[in-house]
Amino acid sequence: ATPVKPSDVKRRVTQASGTVKLSPIGPQRVWHVHSEEDGTLVRDGAVGDMVAWVVEHEGKVVMSKNANASLRYKYSSSLPQRFWLVDIKSYSLTLSNVASFAPSSSGANLTPSTALRIAQKEGRRIDRAIDYLPPPGGGTG
């Protein structure tokens, strides 16, 4: 018999004390997930994969959502979170690595151009009036 590689193993998720424990239960594809700088969750695979997102905040699952229609999802860019993919039928079989996202402190690490790019990607408008500083002497420019 051919041995089963760890990367070919389905995993069952159980939550205990804010940790996710994985246990093998049989051969299955394993997806890879990661987060982008703005908090967008990204998965590999293809649209139509029978998977769902699970998001955990402060040790508690706060969201589970069908992920078969898209390879990207944004839950929050302001909350630290851990996330992974599960089987869409059972919502209990973990099918990916467990990844995390930690927001930067009030965006202080972002350059203005990066912050603008993220805001545009999220469909937000930035009030550029705050970028104007009057010249010395109080003129209006």
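Residues numbered from 1 in each chain as written. Predicted model: local features only at pLDDT ≥ 70, side-chain atom pairs only at ≥ 80, totals over all residues. Heavy atoms only, no water.

Caption draft 1: View of the overall build of the protein. A count of helical and extended segments in the protein gives one helix and 10 strands. Secondary structure elements of the protein occur, N-terminal to C-terminal, as β-β-β-β-β-β-β-β-β-β-α. Burial statistics for the protein: of 141 residues in total, 28% are counted as buried. At a minimum sequence separation of 6, the contacts of the protein that also span at least 24 residues come to 49%. Surface exposure of the protein reaches about 8900 Å², of which carbon and sulfur atoms provide 55%. (Helix = DSSP H or I, 4+ residues; strand = E, 2+ residues; numbered from the N terminus. Buried < 20%, exposed > 50% of the residue type's maximum accessible area, 1.4 Å probe, protein only. Contact = heavy atoms within 4.5 Å. Areas by Shrake-Rupley, 256 points an atom, 1.4 Å probe, with all protein chains shown as cover.)

Caption draft 2: Quick look at the pairing of strand E4 (residues 40-43). Neither face of E4 is left uncovered, since the one carrying Thr40 and Val42 and the one carrying Leu41 and Arg43 both have all their residues buried. In this structure, strand E3 (residues 33-35) lies alongside E4, joined through three bridges in antiparallel fashion. From the neighbouring strand, histidine 34 faces E4, where its bridge partner is valine 42. The hairpin turn running from E3 into E4, its antiparallel successor, is four residues long, and glycine 39 in that turn takes a positive phi close to 95°. Here three bridges tie E4 to strand E7 (residues 72-74), and the two strands are oriented antiparallel to one another. Looking at the pairing, threonine 40 lines up with lysine 74 of E7. (Pairing = 2+ DSSP bridges.)

Caption draft 3: Structural view of the confidence of the model for the protein. For the protein, mean pLDDT is 73; residues scoring 70 or higher make up 54% of the total. When the criterion is pLDDT under 50, residues 1-18 qualifies, and its contacts beyond four places in sequence or with other chains add up to 49 contacts. The model gives residues 125-134 a pLDDT under 50, and that stretch makes eight contacts with residues more than four places away or in other chains. (pLDDT = per-residue confidence, 0-100.)

Caption draft 4: Looking closely at unusual backbone geometry. Backbone geometry places glutamate 58, a non-glycine residue, at a positive phi of 50°. Note on placement: glutamate 58 falls in the loop between strand E5 (51-57) and strand E6 (60-66). A relative accessible area of 71% means that glutamate 58 is categorised as exposed. Despite not being glycine, tyrosine 91 has its phi angle at roughly 55°, a positive value. For tyrosine 91, the position within the fold is in the loop between strand E8 (81-87) and strand E9 (93-94). For tyrosine 91, a relative accessible area of 35% gives the class partly exposed.

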